[in-house]
Each structure stands twice: as structure tokens, then as C-alpha cells.
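Notes for the structure review
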Number of protein chains: 2
Amino acid sequence: MVEQGSEHTSTRDQILHEATQCFAEQGYDGTSLNDIAAAVGIRRQSLLHHFPSKEQLYGEVFEYLLGVWFERLAEAISSPVRGIEKVELVLEAGFDFFADKPEFVRLVRREALDSGAHLGVDLSAVLRPMWDRAGAYFRREMDAGTFRRYDDPEQLLVTGYGALLSYFSDAPFLEGLLDVDPYSRDALDARRRHITSFYRMALDPT
Amino acid sequence: MVEQGSEHTSTRDQILHEATQCFAEQGYDGTSLNDIAAAVGIRRQSLLHHFPSKEQLYGEVFEYLLGVWFERLAEAISSPVRGIEKVELVLEAGFDFFADKPEFVRLVRREALDSGAHLGVDLSAVLRPMWDRAGAYFRREMDAGTFRRYDDPEQLLVTGYGALLSYFSDAPFLEGLLDVDPYSRDALDARRRHITSFYRMALDPT
DNA sequence: GTCTATATTGGGATAGAC
DNA sequence: GTCTATCCCAATATAGAC
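Now for a description of the structure that goes with this document. The structure displayed is predicted, hence computed values, not measured ones.

**Quick look at the protein's contact with DNA strand D**
Surveying the vicinity of DNA strand D reveals 16 residues, the closest of which are R44 of chain A together with R43, Q45, S46 and H50 of chain B. Per the 4 Å cut-off to the protein, sugar and phosphate atoms form 53% of the nearby atoms of DNA strand D. A distance of 3.1 Å separates a phosphate oxygen of DNA strand D from a polar atom in the backbone of L33 of chain A. At 3.2 Å, a side-chain N or O of R44 of chain A approaches a base nitrogen of DNA strand D. Looking at the surface near DNA strand D, the elements that each hand over two or more residues are α2 (33–40) and α3 (44–50) of chain A together with α3 (44–50) of chain B. At 4 residues, the largest contribution of residues to the surface near DNA strand D is made by α3 of chain B. Of the residues assigned to the surface near DNA strand D, the class counts are 3 nonpolar, 10 polar and 3 charged.

What follows is the structure, encoded as C-alpha cells:
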């Protein structure tokens with residue numbers, strides 16, 4: 001759907017791109033079709049020639065990003081490494097994807113807050129299989145003694161979910177607390193290292 | 001401003017209460033004065049007799065919750081305990097407040113996402129003093145050898161911020177992933193215990 | 001495929017009767 | 001203090017010319 005390699009991107013793809021930025025920054029209700037059209041350089045009415053409605057456009061924006069996310073995650077999961085190294089690999093794959101596409105994180109957060117009011121599909125249901133797989137992995141490693149035992153492995157996932165997403169979804173807010181551009185190379189490196197080392201400490205069975 | 005103890009709550013306070021719920025659930029842009037007025041049982045025009053504008057109403061909703069939050073936090077911070085016990089005390093105070101007022105968490109998250117577009121004040125600037133104080137505390141304890149040393153103590157704060165807020169802000173979403181009501185007593189207890197034990201593991205210097 | 005023009009709805013806010 | 005009536009504006013969406 002989204003073409004690469006050619007000098008010229010289609011108007012449709014330009015719309016998708018600008019819509020992604022607008023929805024991520026201002027949310028579904030805070031974004032008007034005028035905003036998106038203006039960013040592309042056309043009129044609102046011309047935009048509706050490419051997408052039948054605002055909801056449809058929003059749906060396609062989400063669908064595309066979700067597809068890329070699944071691709072990247074599947075790649076990391078399929079790796080043959082085990083133990084804490086696998087956790088690190090998946091954490092880093094998630095981190096790198098989020099750093100590459102912070103718009104995605106912001107969209108997911110907004111959907112989580114609005115509990116899918118604007119999106120047709122149930123996001124948690126879509127992500128559920130991967131979630132369960134991760135939970136089963138932790139349980140197995142705990143049983144094997146490679147990870148420190150916790151009462152409820154799912155809690156580790158919730159914490160990781162929050163730690164990973166919040167940094168990107170709330171980046172402008174955190175910038176005000178930290179006096180550092182969260183997207184600078186240094187800040188990203190530091191955050192990445194901290195998350196992995198934090199998990200290593202917490203999971204270390206010794 | 002908000003009266004307690006009397007059987008009858010003023011219309012003004014009812015409006016504040018319903019507005020809090022609506023803004024937390026649907027966001028600023030997603031909430032219309034009609035929604036709030038309907039919840040109270042009056043007309044939109046009557047609501048505007050008590051508050052001059054939507055922005056003003058939103059501001060007051062936030063101001064009130066922020067005041068309570070500061071109260072509770074100051075109470076926990078003033079405790080004479082030290083070391084990891086102080087961290088636990090503050091984490092638990094935050095957790096309990098958030099569990100008591102999840103609307104507050106959702107509002108803060110929305111503000112962080114929108115970077116204060118609807119609120120007059122800069123939220124990160126308001127919270128900055130407490131943030132810096134917490135960072136200094138971690139640094140001191142690391143220097144004293146009571147906490148495990150991390151390159152950047154502020155990273156611990158970011159992780160805590162995410163772990164604490166996300167559970168409540170994204171509760172409906174997490175319910176779909178966990179098959180448990182996040183606000184049930186059991187779930188809250190488990191989450192509370194996990195966060196504190198997770199931090200204890202990560203900060204343990206041995 | 002983009003435009004102008006227009007229909008229609010819903011939002012915030014004001015004026016004034018009761 | 002609450003209501004009805006009204007104003008104004010912005011938003012989504014459609015129709016039809018070019």
C-alpha cells in the first residue's frame with residue numbers, strides 16, 4: 001500500500017503520513033480533516049476523494065503501523081537465543097521500533113485511554129496472543145530457574161509495557177522534567193541501556 | 001471549595017465531579033458541555049452559569065486533583081524513614097492515591113500526551129521540584145551505598161513513573177490483556193506488591 | 001483528482017424570561 | 001439558578017463544475 005523507492009509519493013500516501021502525525025499529536029477528536037488536508041497542501045474535500053471518512057482514514061493509519069509492529073516483533077521473537085538475552089532482544093526491538101515511530105506509541109496510548117472508541121477493532125484482543133506468549137516464556141524460565149521467581153509473571157509484562165511506552169508517549173512531558181531532548185542519541189542510548197539493565201537486575205536469580 | 005459532610009452537594013460540585021469523569025474518560029476534545037450537563041441533569045446553558053467557559057471548568061478540575069495529590073505526596077515525603085523503605089512508602093502512597101482517583105491518572109496522561117494544550121499551566125514545571133527532590137534522594141542513597149549504583153538515577157524515576165501511571169491510565173486496555181478487573185482488590189494488591197518488590201530487587205546493593 | 005458551493009450537524013457562548 | 005431562544009463558528013460530508 002505504501003510505496004517506497006520512487007521519488008514521488010502518491011497523494012494517498014502523503015495523506016496517510018500527515019494523518020499519522022496529526023492523530024498522534026492531537027488525537028482523533030483534536031484533529032480535523034482540515035488540519036490533515038492543509039499539511040498535505042490540498043482541500044478537505046479533495047482528501048475525502050481518497051478516503052471515504054475520517055474513521056476509515058484513522059483505521060488505515062492504525063492498520064499500517066500495527067502491521068509493521070507485528071513484523072518487527074515476530075522477527076525478534078523468532079530468534080533462537082534464550083534466557084535473559086531473549087528478553088533483552090525483544091525489549092530492544094520494541095525500543096528501537098518505538099524510537100523510530102513514536103507516533104505509533106502515542107496512537108496506541110490514546111487508544112488505550114479511549115478504550116478503542118475510534119478504532120473498530122479491539123486492540124488488546126489483537127495483541128493478546130503475543131502477550132500470552134511472553135507470559136508463558138517468563139513462566140518457563142522461572143520454572144527452569146534461569147529467572148528469579150515472581151508470584152505473577154504478568155506483572156513483569158505490565159511494568160515493561162509501562163516503562164517502554166511511557167518514555168515515548170510522554171516524551172514532551174518528560175523533556176520538561178529532565179531538561180534533555182528524549183529523542184537525542186544520548187538520551188535514547190541511556191534509556192535503552194537502563195531498561196535492559198533494570199530487567200537484568202530484576203530477573204537475575206542469584 | 002468542595003464541601004463534604006453535608007447530605008446535599010452543591011450543583012457546582014456536582015458539575016466538577018461529572019466533568020472530572022467525562023474529561024478523564026473522553027478527553028478534553030471528546031467531551032462536550034452537553035455531556036457534562038446531561039450527567040448532572042441540567043442544560044448546557046445552566047452549566048455556564050457556574051463556570052464561565054469549558055477551559056475554566058477543565059482548569060478547576062485539574063487544580064483540585066493536583067492539590068490533593070500534592071498533599072498526599074508531601075505527607076509521604078515528610079516521613080522520617082530512609083533507604084528503600086522511603087522509596088516503598090512514596091511508591092505506595094502514589095499507588096494508593098492513583099487507585100483511589102484513577103481519573104487523575106487518566107487526566108495527567110492526557111495532558112502529557114497533549115503537552116498541556118488545554119491546561120493553562122505547564123504540568124512538568126509544577127511537578128519539577130518534587131521530581132528533582134526524588135532524583136537527589138536516589139543519588140544520595142547510591143553514594144551512601146544503600147542503593148545499587150545506576151549511571152543515571154533519573155532513569156529509575158522515569159521507569160517508576162511509567163510503571164505506576166500506566167497501570168491506571170490504561171486499565172481498560174490491560175483488562176483485555178489480563179482477564180482480570182484491574183481495580184479488584186486482589187489485582188490491586190498484587191500490583192502494589194509487585195511494584196515495590198521489583199524496586200527492592202533493582203535497588204538492592206548486594 | 002482537485003476545486004467551489006452547499007447541506008447539515010453539533011459545539012461553545014450570550015441574552016433575557018421566569 | 002435554570003430555562004428557551006439565538007448567534008456564531010467549525011466540523012463532516014455530498015454534489016457537481018472543471
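From this point, the discussion proceeds with the structure in view.
**Let's talk about the packing of aromatic side chains**
Counted under the stated rule, the structure contains 39 aromatic pairs over all chains. Where F98 of chain B meets F104 of chain B, the ring centres are 6.3 Å apart and the plane angle is 35°; that geometry is what we call tilted. Three or more aromatic residues link up through ring pairs in this structure, and these residues are W69, F95, F97, F98, F104, Y167, F168 and Y183 of chain A. Across from the ring centre of Y28 of chain A, 4.5 Å away, lies the NZ or CZ of K54 of chain A, which sits over that ring.

**A short note on the protein's contact with DNA strand C**
Surrounding DNA strand C, one finds 16 residues, the nearest of these being R43, Q45, S46 and H50 of chain A together with L33 of chain B. Each atom of DNA strand C within 4 Å of the protein belongs either to a base or to sugar and phosphate, the latter forming 59%. A distance of 2.8 Å is found between a phosphate oxygen of DNA strand C and a backbone nitrogen or oxygen belonging to L33 of chain B. Counting residues per element, the ones that place at least two in the surface near DNA strand C are α3 of chain A together with α2 (33–40) and α3 of chain B. It is α3 of chain A that provides the largest number of residues to the surface near DNA strand C, a total of 4 residues.

**Examining helix α1 (residues 11–30) of chain A**
Residue and element names in this part refer to chain A. Taking 1.5 Å of rise per residue, the 20 residues of α1 would be expected to cover 28 Å, yet its terminal C-alpha atoms sit only 23 Å apart, more than 12% below that figure. Along α1, the helix axis deviates most sharply at A24, where the bend reaches about 80°. Each element contacted by the buried residues of α1 is listed here: α2, α3, α4 (54–77) and α6 (102–114).

**Regarding the side chain of S166 of chain B**
By the element assignment, S166 of chain B lies in helix α8 (residues 153–169). Of the polar contacts made by the side chain of S166 of chain B, one reaches the side chain of S166 of chain A; its length is 3.1 Å. Ignoring sequence-local partners within four residues, the contact set of S166 of chain B consists of R109, Y161, G162 and S166 of chain A together with R109, A171 and L174 of chain B.

**Some details on helix α10 (residues 185–203) of chain B**
Each full turn of the α-helix corresponds to 3.6 residues, which orients residues three or four apart in the same direction. With 19 residues, α10 of chain B ought to run about 27 Å at 1.5 Å a step, and its terminal C-alpha atoms sit 27 Å apart, in line with that. Listed as buried for α10 of chain B are A187, L188, R191, H194, I195, T196, S197, F198, Y199, A202 and L203 of chain B.

**Some details on the relation of the copies chain B and chain A**
For the pair chain B and chain A, the best superposition has an RMSD of 0.1 Å and corresponds to a rotation of 180° with a translation of 0.0 Å parallel to the axis. Such a combination of rotation and displacement between the chain copies is what one expects of a two-fold axis. When each C-alpha of chain B is compared by its distance to the rotation axis, G162 of chain B comes out closest, at 2.3 Å. The fraction of interface residues of chain B whose copies in chain A are also interface residues reaches 100%, indicating that both copies meet through the same surface.

**Side note on the packing of helix α4 (residues 54–77) of chain B against helix α6 (residues 102–114) of chain B**
The angle between the axes and the distance between the axes are what describe a pair of packed helices. Residue and element names in this part refer to chain B. It is at 11 Å that the axes of α4 and α6 come closest, and there the two elements cross at 115°. Two packed elements cross with a definite hand, and for α4 against α6 that hand is left-handed. Across the interface between the two elements, Y58, V61, F62, L65, L66 and W69 of α4 pack against F104, L107, V108 and E111 of α6. Among the residues forming the contact of α4 with α6, the class breakdown is 9 nonpolar, no polar and 1 charged.

**Quick look at the pattern of salt bridges**
Residues and elements named next belong to chain A. The tally for this structure, following the rule as stated, stands at 28 salt bridges over all chains. For R72, the salt bridge goes to D100, with nearest N and O atoms at 3.3 Å. On the criterion of sequence distance, the pair formed by R72 in helix α4 and D100 in helix α5 (residues 83–100) is long-range, its members being 28 residues apart. You can call D100 partly exposed: its relative accessible area is 42%. Note that R128 and D132 form a salt bridge whose closest N and O atoms lie 3.1 Å from each other. Taken together, the residues span about one helical turn, with R128 and D132 both in helix α7 (residues 123–144) at a distance of 4 residues. Taking relative accessible area as the criterion, D132 reaches 35% and is therefore assigned partly exposed. If you follow the salt bridges from partner to partner, you end up with R72, D100 and K101 in one network.

Criteria and cut-off values
Residues numbered from 1 in each chain as written. Chains lettered and ligands numbered in written order. Predicted model: local features only at pLDDT ≥ 70, side-chain atom pairs only at ≥ 80, totals over all residues. Heavy atoms only, no water. Near = heavy atom within 4 Å. Polar contact = N/O pair within 3.5 Å; in protein donor to acceptor, adjacent residues only side chain to side chain. Helix = DSSP H or I, 4+ residues; strand = E, 2+ residues; numbered from the N terminus. Nonpolar A, V, L, I, M, F, W, Y, C, P; charged D, E, K, R; others polar. Phe/Tyr/Trp six-rings, centres within 6.5 Å; stacked < 30°, edge-to-face > 60°. Lys NZ or Arg CZ within 6 Å of the ring centre and 35° of its normal. Expected span 1.5 Å × (residues − 1). Bend = angle between axes of the 7 residues up to and from the residue. Contact = heavy atoms within 4.5 Å. Buried < 20%, exposed > 50% of the residue type's maximum accessible area, 1.4 Å probe, protein only. Least-squares fit on C-alpha atoms with pLDDT ≥ 70 in both. Axes fitted to C-alpha atoms, helices over the stretch in contact; angles between N-to-C directions. Left-handed = near helix turned anticlockwise from the far one by under 90°. Salt bridge = Lys/Arg side-chain N within 4 Å of Asp/Glu carboxyl O.

Everything listed is a geometric property; what it means functionally is a separate question.
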